[in-house]
Amino acid sequence: MHNDHALVEARLDRFVRDHLTPALYRDARPLAATAWQVEREPVPFDTAVQQSFEPVPLGWRWGRAWSTVWLHVTGEVPAEWLPHPPEGTRIEVLVDFGYNRSRSGFQAEGLAYRPDGTLIKAISPLNSWLPVEPGDAAIELLIEAAANPDVAGEYTFDPTPYGQWETAPDEPLYSLKQLEVALRDDTVWELLQDIWTLRGLMAELPEGSSRRHEILRALEDMLDVLDPEGIPSTAPAGRAALAGVLAKPAHASAHRVLATGHAHIDSAWLWPLRETVRKCARTFTNAMALMDEYPDFVFSCSSAQQYRWMKDHHPQVFDRIREKVAAGQFSPVGGMWVESDTNMPGGEAMARQFIAGKRFFLDEFGVECREAWLPDSFGYSAALPQIVAAAGSQWFLTQKISWNQYNKMPHHTFWWEGIDGTRVFTHFPPVDTYISELNGRELAHAERNFSEKGRASISLVPFGWGDGGGGPTREMIAAARRTEDLEGSPTVVIGTAEQFFTEAQAEYPEAPVWRGEMYLELHRGVFTSQLRTKQGNRRNEALLRQAELWAATAALRTGLPYPAAELEQAWHTVLLLQFHDILPGSSIAWVHREAEQRHAAVTDALEAIIEASLAALAGSPADGGVDLLVNAGPFTRAGVPALGAGQYDAARLAASHPGVTATEAPDGATILDNGIIRAVVDARGHVTSLVAHADGREAIVPGAPANVLRLHRDLPNLWDAWDLDQHYQRTVTELLDVDERRVRATAEEATVITVRRVGASGGQQSTIEQRLILRAGATALEIENRVDWREREKILKLAVPLDVHAEQIAAETQFGHLYRATHTNTSWDAARFEACQHRFVHLGEPGYGVAIANDSTYGYDVGRDTRADGGTTTTVRFSLLRAPLFPDPESDQGEHLLRFRIAPGATIGDAVALGYDLATPLRAVRAAAPIAPIVTSSDPAVVVETVKLAEDGSGDLVVRLYEARGGRARTVLTLDGTAAAIVSTDLLERELADEPSAAGASIELPFRPFQLRTVRFREASAR
């Protein structure tokens, strides 16, 4: 036989395009529309229907960016289609808002209502039809149409004005291109699905495959029997020509796919938060319409916040979700408040993602999610397995690691082990997408790519349009049904994530182990972009800790009502703003300006709680009372106990810590000394010497000063706000010139101030003022960076070379720290050229180390070099600011304050304390008497992270602790009061039967390295 494969395939594609697809609808009649344009922000249905609507013609231009138009659509069903449509047809309304059909969720979308306000379904570029009930003679419906601009465009990453309402152009973006009632031919539709499935499968089969040729000839036979002038009458014969190849069963060894409906909806990204509320309503309504038609369809949906939005803003949608959850079709997954970033949230915040999310699902639906579900977050912290397990979950799913630039993840089904040794059973779907259409290419890729072949046979495929929402379509369900048992294809069955994980774990209990973080070899710039958003997060994480501590202490000691509702609202806001396109800084300007405003409001609310709680604890001081320092940190400071308030003994501290001196050297350097450490700051503001008097060891490299600002060109190949490509390191300017220098000194504090101005003269210049501060009694030199940032497409780094032979760097993560190599021996090490840390890093060699703490910086890189003298220089460079142009062209412009502290001769324990010290400054209060800590931990290696009252409103005291130094520990946790019992719990504060418990006011607790524990004091009362 001659090889005419290409010709047949070309014939097929053109026939489908030119004849079969146009025949999908046998007839169509125009409908009429009137419109009301919302002035700015969306309004509910009840408000919209009371407005005055004006007639609009077909072709009407509409939709200034981010605006909303309500359409009132009316018309008659043709008499010949009544009382029932002709056999094998259905009546539908077709709507085209003038979008392109390249993708769903990034353009105009609509939500359709009946006149009584009940929902029908949504309209989007790839799902643009509405059902008409059989027998209805008149058509009347309302559509809320959202004119969302396609900010992404073709992903050229050009600066866009569409990121804010204020900068978006006024001209309309869309046109009313189609509005008709049409008669769909069911047989033609089914034939199109047959062809789509077979065409996709055929393209993935080997050229020499008999099955490929069999499908090709069946498709050719189908083309021969179809009459282009009589598609409706010949479509049954066309389907019959394909029935044989569709009926052939899959091989017994075929890869098995569990497909679950899905719509990864970014809680904000290239649209604002308020638009996500509507995206959820549209997507969930579509999913439930499919459930009504297809009883076997299951939709998996994460993010308690998105359900909460429905409860608050779309109760009709939420009520239907309740029904579908009870029916087993709508499946809550993930158990988190949002699909958050997992690198940057602090330990307690990461725990609260699960606490808040799982509590919501349990309270509203009686469902406990057993899996963590994070398909799109930008890498996964090594602390996450322990947090997942402590929340009562046992499985983990991600997809994003398939985006790695250099190294392919070796497993798809595996055990993931965290920093404390906890393991969770993990799946990384080999389909390499979370928005599958279930096409032949995707299914074939899932089978080819699956790493566990021979040991395991099943993988999961999330299907449905995502990112911007939309979810599954009826075409995708048709594809699933056709591939349920089809020769040459993996077998597909629709089900839940729980069904998948249960079967996968039973099949492969001895799966391989991946230890440590799952670092994403991409999107490294997100540790730095949008500093204000990150600073709001760091600030409010610390304030939430303080507010809960003092509110709980005041409630037990004074009876002050515990502000549970206010604290919950603050937590929910912070958790929402940790979403993986908000905290990473990769959203449009609208999102980040709103995030900054919301963080500011949370700060005000928390400060009010702290002030009220401390006022209650201070009492009414007689004779004016005494001035106290309030220490919310977990370590004693300035003679004040952890978690308490005490008097500052200035005389005693002065005796043990002499004041600060600032001495000018002949070469223009300034020597700062407080009797604990000595620092030399040269004329350019660089640190040329840093010594702790206790050991006399020099931390600074000869001839290589610390505190050097480095400005790099920052031009990623793609994904501007997301990516930091390694070639940035090849272009660097060290900022050496000083425009101003001055010294201020008192016995309590000495400061060297340098000012640098960067940029072309005559244009906008960045101003960087650095203050190097040494305080009396301090073990660390403080560096304040006050930056008025005006650069574009640059990244500012702070370099700290140290005379330390460090094989690895310890970087804080949630409830502990992890070690990363300082070398690039392997491709995995080389790819990790920018990484994340929280409040500190520690560089050490046996017997000596240096700790560096920060108040709001996450991104850093580290490297090691051998000097000519044989010594080793280990340099850590912190990423201070970036200036990407997409999606926010004004990213990070303006004024910023970033603080660091460098402590020579420091241990890991010192680093932990330094990080808390910078995050939790001492406060001043005037009180009747010192405030004793409500709880104490006897071992300083065991940190009291959280003190709060129980979530259930019982008044029980809950304490969360972790081992912070990476070793074994044993502590006695003591309550300053009484309790009926002390029990160990999971994160949701449920008692754990096999963990320590005690009677009385104290309990002894053993800890393995980095172990996290939660303890509940039942019926606690304070002295």
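Residues numbered from 1 in each chain as written. Predicted model: local features only at pLDDT ≥ 70, side-chain atom pairs only at ≥ 80, totals over all residues. Heavy atoms only, no water.

Let us now look at helix 11 (residues 440–449). Within the span of helix 11, buried status applies to G440, E442, L443, A444, A446 and N449. The secondary structure elements touched by the buried residues of helix 11 are helix 3 (186–204), strand 13 (256–262), strand 20 (458–463) and strand 21 (491–494). Sitting at the amino-terminal end of helix 11 is N439, which places a side-chain oxygen 3.2 Å from the backbone nitrogen of R441. (Buried < 20%, exposed > 50% of the residue type's maximum accessible area, 1.4 Å probe, protein only. Helix = DSSP H or I, 4+ residues; strand = E, 2+ residues; numbered from the N terminus. Contact = heavy atoms within 4.5 Å. Polar contact = N/O pair within 3.5 Å; in protein donor to acceptor, adjacent residues only side chain to side chain.)

Quick look at the environment of T89 now. Here T89 lies in strand 6 (residues 89–96). By relative accessible area, which is 9% here, T89 ends up buried. As for T89 and V862, which are separated by 773 residues in sequence, their C-alpha atoms are 66 Å apart. Those residues in contact with T89 that lie beyond four places of it in its chain are R26, L183, R184, D185 and D186.

The biggest cluster of nonpolar side chains holds 219 residues, and the ones touching the most others in it are F284, V935, L957 and F1017. Look past the residues within four positions of F1017 in its chain and what remains in contact with it is V935, D956, L957, V959, L973, L975, A979, A981, I982 and A1001. Core analysis: the next-biggest nonpolar cluster, separate from the first, contains 50 residues, V660, I700, L796 and L898 among them. (Core = buried A, V, L, I, M, F, W, Y, C linked by side-chain atoms within 4.5 Å.)

Turning our attention to the sheet that holds strand 19 (residues 423–427). Spatial ordering of the open sheet is given by 16-17-19-18-22, a layout of 5 strands whose pairing is mixed. Edge positions in the open sheet fall to strand 16 (371–373) and strand 22 (513–515), since each of these has one partner strand only. Averaged over all pairs of adjacent strands, the angle between their axes in this sheet comes to 30°, without regard to strand direction. (Pairing = 2+ DSSP bridges. Axes fitted to C-alpha atoms, helices over the stretch in contact; angles between N-to-C directions.)

For the coordinates displayed, the defined rule picks out 100 salt bridges. Between E475 and R474 there is a salt bridge; the shortest N-O distance is 3.8 Å. A salt bridge links R899 to D855, with the nearest nitrogen and oxygen atoms 3.4 Å apart. Here D855 lies in the loop between strand 40 (848–854) and strand 41 (859–866) and R899 lies in strand 43 (residues 894–904), a separation of 44 residues in the sequence. One continuous salt-bridge network, built from bridges that share partners, spans R40, E41, E109, E144, E166, R274, E275, R278, K279 and R282. (Salt bridge = Lys/Arg side-chain N within 4 Å of Asp/Glu carboxyl O.)

Glancing now at empty space enclosed by the protein. Considering all chains together, one arrives at 9 cavities of 30 Å³ or more under this definition. In this structure, the largest cavity spans a volume of roughly 270 Å³. Those elements that place two or more of their residues in the lining of the largest cavity are helix 9 (347–365), helix 14 (531–558), strand 36 (808–813) and helix 19 (908–919). Residues that form the lining of the largest cavity fall into these classes: 9 nonpolar, 6 polar and 7 charged. (1 Å grid on protein atoms, 1.4 Å probe; cavity = no way out; pocket = protein on both sides within 12 Å on 5 of 7 lines; lining within 4 Å. Points joined across faces, edges and corners; volume = space filled by probe spheres on them. Nonpolar A, V, L, I, M, F, W, Y, C, P; charged D, E, K, R; others polar.)

Spatially, 30-29-35-42-41-38 is the arrangement adopted by the 6 strands of the open sheet, whose pairing is antiparallel. Two strands close off the open sheet at either side, each with one partner strand: strand 30 (732–734) and strand 38 (835–836). In the sheet, strand 38 pairs with strand 41 via 2 bridges, with the strands oriented antiparallel. Of the residues in strand 41, the one forming a bridge with C836 is G859.

Interpretation note: all reported values are geometric properties and have no functional meaning in isolation.
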